[in-house]
Amino acid sequence: MRVLLLNLYFPPDTSATAKSADAIVRALAQTHQVTVLCGRPSYDPAERRPWKLWQAERFEVQCASAQPDPGGNSAAAAASFTVIRVGSTDYPRLRMKLRVLNYLTYTKLAALRSLFIPCDAIFAMTDPPFNGITAAFLAALKGKPLVYDIQDMYPDMAVAGSIVKPGLLARFWERLHRWALRRAARVIVLGEDMRARVVYKDPASKGIDASKVFIVRSGVEPADSSAATPSANAALNPEVIRAIRANFRFVLLHAGNLGFYGAWDTIIAAARQLEGHNIGVVFVGGGAERARLESLAAGAANIRFLDFFPARAIPSVLAAPDAHIVTIKPGLEGVVVPSKMFGIMAAGKPILAVAAATTDVATLGARHGFAICSDPANPAELASAIRNMAANSAQVAAMGQAAAHAATQYSRSGELAKLLSIVANLQP
């Protein structure tokens, strides 16, 4: 099929949806003719593009040939895809009011340009946050099926983050979003909790037909899957590990964006209860909440904040702590699904899920034995869970082994194969 993929961000953008879009496109391009319609790079890009109304680029991707060579080996065949970048504004992502201009200029130009791109199906992701709605209108106008891949749930996420206030705009956005979900031929979500948010008929859910909602998880990059092997451990950076561990006997780490989605106050309050236990709680990364959290943690010797390390240090960051924190604050179950848990699992590290028991990280952790769940609104319970982990090294080691084993069941290639099957079964 001819597949048109819509997402504002695409490499050299470095956002999570840009990386996901790249992996999806390279998988789809092996059997379909794919065109990506994106904007000018603006999300911490490795490089920028000069303004043009639009500009097209062609990329090749290697895929396995169905025909073996005379020696019986599978040959490599070249596939390709096209990226069309419309002339959206490219203000930095941290300038939120101007970032909205990126959204609006992309939407206007991409919608117009898409009218002249022949396709058999439209594949939409969630940048801009109303991209699914735009794609649903385009799919209806062109008479083509829509595959809607939800990376983050909007407008729920915007309201929870106080970006949009509850009221007329939020209700109108929600109404349009539910129409887009009903219009989609296939809806792809990241986990069981997000599927519940879409399917179940309660006030917080969307009430969409369950038969067209599919789970395709982020999975783990092949490079990450070797993070726990001896050869990879030999290449770990001891300076990064020392910077994270300091002199604590037991270290919990949260590595990633410190945005509005986490139960940060609960974690800080629990960490304060652990002063004097030689247990460190370390945050690596930045985000809108970091300054507030640093103020909240002021004076606590066992709470530390570090900046992001270079990408090449990721295996060392994953390997440094005894366990990792994955957190979702109450009310955001199924709105955001942290994909970083798969890299943690592949590194053979246990997870402390500061999240509701219904979240994907908690249910998968309980199913496979790699995570402990703690109430995101109860600091005392969390502090107790941390003390128990620190006192039971055998349990922590067993959880790490369970994590590494579970990671093999959620490989990126396996999850992408699910997605390819979903697209292949469309009726263009």
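Conventions we followed
- Residues numbered from 1 in each chain as written.
- Predicted model: local features only at pLDDT ≥ 70, side-chain atom pairs only at ≥ 80, totals over all residues.
- Heavy atoms only, no water.
- Buried < 20%, exposed > 50% of the residue type's maximum accessible area, 1.4 Å probe, protein only.
- Helix = DSSP H or I, 4+ residues; strand = E, 2+ residues; numbered from the N terminus.
- Pairing = 2+ DSSP bridges.
- Right-handed = clockwise from strand over helix to strand, strands pointing away.
- Core = buried A, V, L, I, M, F, W, Y, C linked by side-chain atoms within 4.5 Å.
- Contact = heavy atoms within 4.5 Å.
- Axes fitted to C-alpha atoms, helices over the stretch in contact; angles between N-to-C directions.
- Disulfide = S-S within 2.5 Å.
- Phe/Tyr/Trp six-rings, centres within 6.5 Å; stacked < 30°, edge-to-face > 60°.
- Salt bridge = Lys/Arg side-chain N within 4 Å of Asp/Glu carboxyl O.
- Parallel < 35°, antiparallel > 145°, perpendicular 65-115°, else oblique.
- Left-handed = near helix turned anticlockwise from the far one by under 90°.
- Nonpolar A, V, L, I, M, F, W, Y, C, P; charged D, E, K, R; others polar.

A. Layout of the pairing of strand S6 (residues 146-149). Residue alternation in S6 divides its side chains into two sets, Leu146 and Tyr148 and Val147 and Asp149, and both sets are buried. The pairing of strand S5 (residues 121-124) with S6 spans 3 bridges and is classified as parallel. Each bridged residue has a counterpart across the sheet, and for phenylalanine 123 the counterpart in S6 is valine 147. Regarding topology, helix H3 (residues 131-142) serves as the crossover connection from S5 to the parallel S6, and that connection is right-handed. As defined by bridge partners, S6 adjoins strand S7 (residues 186-189) across 3 bridges and the pair is classed as parallel. Considered in S7, the bridge of tyrosine 148 is made with valine 187.

B. Seen up close, the nonpolar core. Within the largest apolar cluster, 100 residues are counted, with the highest numbers of intra-cluster contacts made by Leu146, Ile150, Phe283, Met345, Ile351 and Phe370. Among all residues touching leucine 146, those that are not within four sequence positions of it are Ile122, Ala124, Gly132, Ala135, Ala136, Ala139, Ala180, Ala184, Ala185 and Arg186. Ala23, Val25, Val36 and Val423 belong to the second largest nonpolar core, which has 28 residues in total.

C. Representation of the sheet that holds strand S14 (residues 371-374). Taken in spatial order, the 6 strands of this open sheet run S11-S10-S9-S12-S13-S14, and their pairing is parallel. Every other strand in the sheet has two partners, leaving strand S11 (303-306) and S14 as the edge strands with one partner each. Across the sheet, the axes of successive neighbouring strands diverge by a mean angle of 25°, strand direction being ignored. Helix H9 (residues 264-273) rests against strand S9 (250-255), strand S10 (279-284), S11, strand S12 (323-327) and strand S13 (351-354) of the sheet, and its axis sits at about 150° to S10. Contacts from helix H14 (residues 379-391) reach S9, S10, S12, S13 and S14, with the element oriented near 175° to S13.

D. Inspection of the state of the cysteines at higher detail. Within this structure, the stated rule accounts for 0 disulfides. Unpaired in this structure, cysteine 38 has its nearest cysteine sulfur neighbour in cysteine 119, at a distance of 16 Å.

E. Main features of the packing of aromatic side chains. Tallied over the entire structure, the rule returns 10 aromatic pairs. With centroids separated by 6.2 Å and ring planes inclined at 80°, the aromatic side chains of phenylalanine 10 and phenylalanine 81 adopt a geometry described as edge-to-face. Of this pair, phenylalanine 10 sits in the loop between strand S1 (2-6) and helix H1 (16-28) while phenylalanine 81 sits in strand S4 (residues 74-86); the two residues are 71 residues apart in sequence, bridging distant segments of the chain. Residue classification places phenylalanine 10 among the buried residues on the basis of a relative accessible area of 3%. Owing to a relative accessible area of 1%, phenylalanine 81 belongs among the buried residues under this scheme. Judged by centre distance (5.7 Å) and plane angle (65°), the rings of tyrosine 261 and tryptophan 264 are edge-to-face. By relative accessible area, tyrosine 261 is classed as buried at 14%.

F. The pattern of salt bridges, seen in detail. For the coordinates displayed, the defined rule picks out 21 salt bridges. Salt-bridge contacts for arginine 245 lead to aspartate 322; the nearest nitrogen and oxygen are separated by 3.0 Å. With arginine 245 in helix H8 (residues 238-245) and aspartate 322 in the loop between helix H11 (314-319) and S12, this residue pair connects regions lying 77 residues apart in the sequence. Owing to a relative accessible area of 18%, arginine 245 belongs among the buried residues under this scheme. Put simply, Asp156, Glu174, Arg178, Arg197 and Lys206 are held in one network by salt bridges that share partners.

G. Up close: the environment of cysteine 119. Note on placement: cysteine 119 falls in the loop between helix H2 (96-114) and S5. Of the residues examined, cysteine 119 reaches a relative accessible area of 3% and is grouped as buried. Once you skip the residues sitting within four places of it in the chain, cysteine 119 turns out to touch Arg2, Leu4, Lys142 and Lys144.

H. Main features of the packing of H3 against helix H5 (residues 168-183). Orientation of H3 relative to H5, taken along the N-to-C sense of each, is 50°, at an axis distance of 9 Å. Our classification of the angle between H3 and H5 gives oblique. The chirality of how H3 crosses H5 is left-handed. Residues Gly132, Ile133, Ala136, Phe137, Ala139 and Ala140 of H3 lie in contact with H5, whose contacting residues are Trp173, Leu176, His177, Trp179, Ala180 and Arg183. Classifying every residue of the contact of H3 with H5 by side-chain character gives 9 nonpolar, 2 polar and 1 charged.

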